[in-house]
Amino acid sequence: MSDVIEKIKEIALEEKEKANKLRADIMLIADDIKKLDISFETVNGSVVEHTACAIDGGKYEFDLGDSYLIMAKAVSVTGKYGEVKTIPPTVIRDFKIINDYYGEDEVKKNSISLMLSLETSLLNNANSDIIFIDGPLIDPPVYDESLDEYFLIRSSIVKRKKPIGIVKRFSHRLLIKYLIGQGYELTNVRESYLVTMLITELRKNVKNKESVFLGWIDWNKIFKEGELLSDLNSLEKAYRKFNSPMYSAYFQLSAISPVVRIDVITQEGIEYVKSWGIEGEKEVTILNKIADSLAKFKEEEAKSYVALFQTLRGTDLQSYLSKF
Amino acid sequence: MMLNELVNLVAEKRKEINKEKIEKDLRDILNQLSAMRESIEKLKEIKLKMILCDEEIKEIRDDILSTSDPTTLSKLVSVLYTKTLDCYNRKEEERRKKLEEERKKIEELNKRLMLYKKIFKNVLGENIDIYLLNDQAEDLEREIQKGEEQLKGLYEKLKVKVGDKLDLLIQLIYSNEIEVNKENYSEVIELVKFLIDKGITISIRLSK
């Protein structure tokens, strides 16, 4: 038992040392930030009257025994800036049967694809001045041949509509790759940890309520220069296939709000994220928050689709309808 | 004893009783009791603080232990109370000042450590690990000692790589400018040459 305690103590001390060293690296980067070609700024620009919408998607997989029923939906929520007005959201749904001999991973992959196709379709029909989407613009951020056609379509829509991707859970080490290229030693650190710590350090001279951003990271430079980090290999393939300029910045609405990654194809739009922002929410904008809650499949909703499917499959429509 | 004798005796005794004196004695006892109660409260309040000031209150504490007169006792407790609080506040202030000085020292040491890290990274192109000092550590003196040892080691390493120009370079990186005069100009030129050789751009500004 004492051996275990000693081992844990040793690991804890090692981690403490690592965190201490990393803190010094982050302080140095913060001190050098003006010398780098990414900038840390407060978001001050104002916006004119405009319409904006947020697009989000949800999915649900149900094990039918011999196969899976996958359900996906996408939601678009629109708002007019400066006006309190309720505009009915657009919701589209799709369903698919996948045989379970492909395995659970394949089923999940299929349901994500179905959901993303719906989201992309809503994006294609969106006609707001500003379009926010939940997640990265290159989504999924991996490439395989089966996605060729989807990438071609999504890329062309993204180039036309110029949406702003809001990435809540970011792990690809884009900033780390950039900083390593500038001579900093940052191995074994997570992007989200580094970004949050760095923004906290940079925020020391900024008022808590101010919105800040750190960017822009040019994906072309990231993938062109130096040795790639292992987690970026698949993303690079997807980026090349997507064939569009891509820039990312890290954004924090206020000191109590989470840091998110913003993906765009032209270096603009941050002030719109700020203008729709609500403090402390991981979805960042009010439109994304509403779209997120509408896009989630509630268990009851999913089960009623399953019941309908099972009844129809059993050609027992009458017994299904008798429930209502 | 006959009843009338008894009545006379009671009447006689009643004459002898000094009512005012009894009332005064009673008041005194009550006052003493109240003073003792107050003393107990004071002692409770300073119980822990007395440990810190053991030496300074030793004499009066002995006086208290050798007294049994309640009035003297409560007076002595009042003196003990004031002395202990004075001593405690003074010691607390000294502790606070020391802590403040140690934290300031740690801040300075951390600044210097960062400065050395910066020289390694931005001038020599080397990444070094440094241990930043924790101003919330339990033993700040030990933390300061660790920092000073670390700084000494880094300084020596830098001295080997930069040479005699090191102090001037530290001054330049620290304040972002140095004044050039007759005494130091050859050293400055040497430093400028060194920095340019390292690919660092130097700008010169005339102050007059």
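Thresholds applied
- Residues numbered from 1 in each chain as written.
- Chains lettered and ligands numbered in written order.
- Predicted model: local features only at pLDDT ≥ 70, side-chain atom pairs only at ≥ 80, totals over all residues.
- Buried ≥ 20, exposed ≤ 12 C-beta atoms within 10 Å, placed from the backbone.
- Helix = DSSP H or I, 4+ residues; strand = E, 2+ residues; numbered from the N terminus.
- Arc of directions from axis to C-beta.
- Contact = placed C-beta atoms within 7 Å.
- Axes fitted to C-alpha atoms, helices over the stretch in contact; angles between N-to-C directions.
- Parallel < 35°, antiparallel > 145°, perpendicular 65-115°, else oblique.
- Left-handed = near helix turned anticlockwise from the far one by under 90°.
- Nonpolar A, V, L, I, M, F, W, Y, C, P; charged D, E, K, R; others polar.
- Core = buried A, V, L, I, M, F, W, Y, C linked by C-beta atoms within 7 Å.
- Pairing = 2+ DSSP bridges.

1. Section: helix α7 (residues 233–242) of chain A
All names here are of chain A.
Item 1. Of the positions making up α7, those classed as buried are L235, Y239 and F242. Viewed along the axis of α7, the buried residues span an arc of 60 degrees, placing them on a single side of the element. Across α7 from its buried face, at more than 90 degrees, point the exposed residues N233 and R240.
Item 2. If you follow the buried residues of α7, they end up packed against α3 (148–161) and α6 (219–224).
Item 3. After α7 finishes, the residue N243 shows a positive phi value of roughly 55 degrees.

2. Observations concerning the packing of helix α2 (residues 104–125) of chain A against α3(A)
All names here are of chain A.
Item 1. In contact at an axis separation of 10 Å, α2 and α3 are set at 30 degrees when each is read in the N-to-C sense. Taken as axis vectors, α2 and α3 run roughly parallel relative to one another. The hand of the α2/α3 crossing is left-handed. Here α2 contributes S113, S117, T120, L123 and N124 to the contact with α3, which in turn contributes Y150, I153, R154, I157 and K161.
Item 2. Classifying every residue of the contact of α2 with α3 gives 4 nonpolar, 4 polar and 2 charged.

3. Observations concerning the nonpolar core
Item 1. Core analysis: the largest hydrophobic core is formed by 75 residues, its most contacted members being I55(A), I131(A), F132(A), I164(A), I262(A) and V273(A).
Item 2. Broken down by element, the residue count for this core peaks at 8 residues, all from strand β3 (residues 67–80) of chain A.
Item 3. Listed in part, the 9 residues of the second largest apolar core include L113(B), I130(B), L133(B) and I144(B).

4. A word on the interface of chain A and chain B
Many structure descriptions define interface size as the accessible area lost when the parts assemble.
Item 1. Opposite the 10 residues of chain A that make contact, chain B presents 10 residues.
Item 2. Its residues assigned to classes, the side of chain A that touches chain B comprises 4 nonpolar, 2 polar and 4 charged.

5. Remarks on the environment of S46(A)
Item 1. Counting through the fold element by element, S46(A) comes out in the loop between β1 (39–42) and β2 (51–63).
Item 2. Residues S46(A) and K224(A) lie 178 residues apart in sequence; the distance between their C-alpha atoms is 35 Å.

6. Looking at the sheet that holds β2(A)
The strands that make up a sheet are held in pairs by hydrogen bonds between backbone atoms, and each pair lies either parallel or antiparallel.
All names here are of chain A.
Item 1. Strand order in the open sheet formed by 9 strands is β1-β7-β8-β9-β6-β5-β2-β3-β4, and the pairing between neighbours is mixed. Each of the sheet's edge strands pairs with one partner strand only, and the pair in question is β1 and β4 (90–99). Each adjacent strand pair in this sheet contributes to an overall mean axis angle of 25 degrees, direction not counted.
Item 2. Pairing geometry for strand β6 (residues 164–167) and strand β9 (residues 259–264), over 3 bridges, is antiparallel. Residue pairing in the sheet places V167 in a bridge with R261 of β9.

7. Re the pairing of strand β7 (residues 212–218) of chain A
All names here are of chain A.
Item 1. Of all 7 residues in β7, 6 are buried; the element is thus mostly enclosed.
Item 2. Pairing of β1 with β7, which is carried by 4 bridges, proceeds in the antiparallel orientation. Residue pairing across strands places F40 opposite L214, the latter belonging to β7.
Item 3. Across 6 bridges, the pairing between β7 and strand β8 (residues 247–252) is antiparallel. Within β8, the position partnered with F213 by the bridge is F251.

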